[in-house]
Amino acid sequence: MDSQQPSDNGGNHQGQSQSHKPGHVDGVEMQHLPTPIPHPHIQYTQLFINNEWHESCSGRKIPVTDPTSGKLLCEVEEADSEDVDKAVRSARAAFQTGSPWRSMDASGRGLLLNKLADIVERDHLLLAWNFPVMMFAWKIAPALCCGNTVVIKPAEQTPLSALHMAALIKEAGFPPGVVNVVPGYGQTAGSAISHHMDIDKVAFTGSTDVGKLIQKAAGESNLKRVTLELGGKNPTIVFADCDLEHAVEQAHSGLFFNQGQCCIAGSRVFVEETIYEEFVQRSVEKARSKVLGNPLLPGVEQGPQIDQKQFDKIMELIESGKQEGATLECGGSAWGQQGLFIQPTVFSNVTDDMRIAREEIFGPVQQIMRFRDTGDVIRRANATHYGLAAGVFTNDINKALTVSSALQAGMVWVNCYNAMSAQCPFGGFKMSGNGRELGEYALQEYTEVKAVTIKISQKNS
């Protein structure tokens, strides 16, 4: 599973000693969650095709590094187009009429999925770029529930979770070929999947730029179905009549959760002018109190960014905020002697034309803007190519309904943020993607509608 080795960066913030007090995630005490395994044994590093482990055809490897220390964890086999072809053939064979998988009814598939869920709970699969286990589940659950077979290419930064999941899928009793896992890079394995003439549908979570390439590849190949869950520059709107303490807490966790590496991060915080200064002050206090360090240690609230490329992008955008005139309230620099850590950063006096207000940062950087009236903030919130999520904080139900209806976003949370459930559809408007995950809507993405008309010789009624 994806894990990180301990480093000299323990559980300290700004070099100060911290006690490992229980934290909270959406009201759940961290001490009640499973304890991460600090030194897991890495068992699976090969491609998983037809319920067997394979070396890659090219013999190339993908290095997997620990962003806490920068050290190499292991190397996994790197799939390319030839390996993808093998995986697709395996999936196609498992999908043939009369195969064990095609002969299994929905209740049988459900039993296998429930058994897999029990095994996953047993093994405590945790950690992410940005959420590899959750994304794996979101993709395979509806696909397998509807009787499909799948080929999965995990992100090259975090292949270990998907490979461990593959072993659990075999243990649960899924027939060979139903699930195949081929770690690789987007330019090779990802491109091969997107252009493949024998793949009927692609589901992708990632950047908008890559989503465009996948949709283009589908058009250039076999017009395969495509669902895309892409980027966001999500507005959080805080009205003066809200519960201020709660709004500050939710806006903070809505941005800094998972080091800011989250497509639904509330990265544009609009605060009504009369409470703006107090909101900024409280937000800075929360950011400064955040505990950084090895995320496998108790009490640590913020770990490292995923890789050097992402770290450099975030730091470049922080610098742009300084240069364009935003007020740096706290943070803004790297943290620690090693690893890819960035201090929790808060900017105030941010204007809509600044890069930090327009571009998806995907890091621990909070932008706080002010507004005066409802019509103005709705217009500004919608003035983006993205439309994934939004938050509204107010004690006025009429205002909440008016604003949530007007916002161009696939998900709007009122007086909460990042409140998701398996029953609630997840997806965005505009360039945040198309299609939906979770809920009944997700099942529709993995089925085709067929009309069968039968002529009968005589009516019985």
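Structure first, text after, so check above.
Here goes a summary of the coordinates provided.

Reading the values: rules and limits
Counting restarts for each chain: residues are numbered from 1 in the order of the written sequence. Confidence filtering applies because this is a predicted model: local features only for residues at pLDDT of at least 70, side-chain atom pairs given and counted only at 80 or more, and all residues used for totals across whole chains, interfaces and linings. Neither water nor hydrogens contribute to the side-chain values; these are computed over all heavy atoms in the structure. The rule for pairing is simple: two strands pair if DSSP sees at least two bridges between them. Put simply, DSSP marks the helices as runs of H or I at least four residues long and the strands as runs of E at least two long, and each gets a number from the N terminus on. As a rule, the C-alpha atoms of each element are fitted with a line to give its axis, helices using only the stretch in contact, and angles between N-to-C directions run from 0 to 180 degrees. Two N or O atoms form a polar contact when they lie within 3.5 Å of each other; inside protein one atom must be a possible hydrogen donor and the other a possible acceptor, and for residues adjacent in sequence the pair counts only when both atoms belong to side chains. Whether two residues are in contact is decided by their heavy atoms: any pair within 4.5 Å suffices. By definition, a salt bridge exists where a carboxyl oxygen of Asp or Glu is found within 4 Å of a side-chain nitrogen of Lys or Arg. Think of it in three bands: residues with accessible area under 20% of the maximum for their type are buried, residues over 50% are exposed, and the middle band is partly exposed, with areas taken using a 1.4 Å probe on protein chains only. Expected helix span is taken as 1.5 Å per residue step, with the number of steps being one fewer than the number of residues. The set of buried Ala, Val, Leu, Ile, Met, Phe, Trp, Tyr and Cys residues whose side-chain atoms join them within 4.5 Å is what this entry labels a nonpolar core. Geometric relationships in this document are graded by angle, where less than 35 degrees denotes roughly parallel, more than 145 denotes roughly antiparallel, 65 to 115 denotes roughly perpendicular, and other angles denote oblique. Each crossing gets its handedness from the near helix: less than a right angle anticlockwise from the far helix is left-handed, clockwise is right-handed. Think of it as three bins: nonpolar holds Ala, Val, Leu, Ile, Met, Phe, Trp, Tyr, Cys and Pro, charged holds Asp, Glu, Lys and Arg, and polar takes everything else, Gly as well. Ring geometry is summarised as follows: Phe, Tyr and Trp rings, the Trp one being its six-membered ring, pair when their centres sit within 6.5 Å, and such pairs are stacked at plane angles under 30 degrees, edge-to-face over 60 and tilted between the two. The criterion is that NZ of a Lys, or CZ of an Arg, lies within 6 Å of the ring centre and within 35 degrees of the ring normal, and then a charge sits over that ring. Note on charges: Lys and Arg go in the positive column, Asp and Glu in the negative column, and His and the chain ends are not counted at all.

On to the sheet that holds strand β16 (residues 345-348). The seven strands lie next to each other as β13-β16-β17-β12-β11-β18-β19, forming an open sheet whose pairing is mixed. The sheet terminates laterally at β13 (327-330) and β19 (411-414), the two strands that pair on one side only. In this sheet, neighbouring strand axes are inclined to one another by 20 degrees on average, regardless of whether the strands run parallel or antiparallel. Two strands pair when backbone bridges link them, and β13 and β16 are joined in this way by three bridges, in the antiparallel orientation. Residue pairing across strands places C330 opposite V346, the latter belonging to β16.

Following the sequence through the fold, R380 ends up in helix α12 (residues 374-382). In terms of polar contacts, R380 uses its side chain to reach the backbone carbonyl oxygen of R370, at 2.8 Å. When residues no more than four places from it in sequence are discounted, the contact partners of R380 are R268, F270, D352, M369, R370 and F371.

To continue, consider the pattern of salt bridges. For the structure shown, the criterion picks out 20 salt bridges. R92 is the partner of D198 in a salt bridge, and the nearest nitrogen-oxygen pair spans 3.3 Å. With D198 in the loop between α6 (186-195) and β9 (201-205) and R92 in helix α1 (residues 81-95), the pair connects residues that are 106 residues apart, well separated along the chain. Residue classification places D198 among the partly exposed positions, given a relative accessible area of 36%. A salt bridge links D376 to R380; the nearest nitrogen and oxygen atoms lie 3.5 Å apart. Of this pair, D376 and R380 both sit in helix α12, four residues apart, which is roughly one turn of that helix.

The next point concerns unusual backbone geometry. The backbone of N50 sits at a positive phi, close to 60 degrees, despite the residue not being glycine. Inspection of the secondary structure puts N50 in the loop between β3 (47-49) and β4 (52-54). According to the relative accessible area criterion, N50 is partly exposed, its value standing at 33%. Within the chain, N349 stands out as a residue other than glycine whose phi angle is a positive 50 degrees. Structurally, the position occupied by N349 is in the loop between β16 and α11 (355-358). Using a relative accessible area of 36% as the deciding quantity, one classes N349 as partly exposed.

Here helix α8 (residues 244-256) is 13 residues long and its end C-alpha atoms lie 18 Å apart, about the 18 Å a rise of 1.5 Å per residue gives. When we look at burial in α8, the residues that qualify are L244, A247, V248, Q250, A251, H252, G254, L255 and F256. Buried residues belonging to α8 abut β11 (235-238), α9 (276-288), β16, β17 (365-371) and β18 (389-393). With its phi angle positive at about 60 degrees, N258 sits one or two positions after the end of α8.

Right, let's get into the nonpolar core. Ranked by internal contacts, the top residues of the largest apolar core, which has 34 residues, are V238, I264, V271, F279 and I368. For this core, the secondary structure elements donating two or more residues are α4 (132-145), α8, β12 (268-272), α9, β18 and β19. For this core, the element with the highest residue contribution is α8, accounting for six residues. The next biggest cluster of nonpolar side chains, apart from the first, holds 32 residues, and it includes L112, A143, L168 and Y446.

This part is about the sheet that holds β9. An order of β9-β10-β20 is seen for the three strands of this open sheet, with the pairing classed as mixed. Both outer strands of the open sheet, β9 and β20 (433-434), are each paired with one neighbouring strand and no more. Along the sheet, helix α7 (residues 208-220) makes contact with β9, β10 (225-229) and β20, crossing β10 at roughly 175 degrees.

At a closest axis distance of 9 Å, the pairing of helix α3 (residues 106-123) and α4 adopts a crossing angle of 160 degrees. Overall, the two elements α3 and α4 adopt an arrangement that is roughly antiparallel. Judged by the sense of rotation from one axis to the other, the crossing of α3 with α4 is right-handed. Note on element contacts: α4 touches α3 through I140, A141, L144 and C145, opposite R109, L113 and L116. Grouping the constituent residues of the contact of α3 with α4 by class yields six nonpolar, no polar and one charged.

Glancing now at the packing of aromatic side chains. One pass over the structure, following the stated rule, counts seven aromatic pairs. Linked through ring pairs, Y44, F48 and W53 together constitute an aromatic cluster. The ring of Y446 has K201 lying over it, and the distance from NZ or CZ to the ring centre is 4.1 Å. The ring of Y276 is capped by R370, whose NZ or CZ atom sits 4.0 Å from the centre of that ring.

Tracing the backbone through its elements, the reader meets K224 in the loop between α7 and β10. Buried K224, no salt bridge; nearest opposite-charge side chain is D200, N-O distance 8.1 Å. At 2.8 Å, the side chain of K224 forms a polar contact with the backbone oxygen of S194. Among the polar contacts listed, one links the side chain of K224 to the side chain of N222, at a separation of 2.8 Å.

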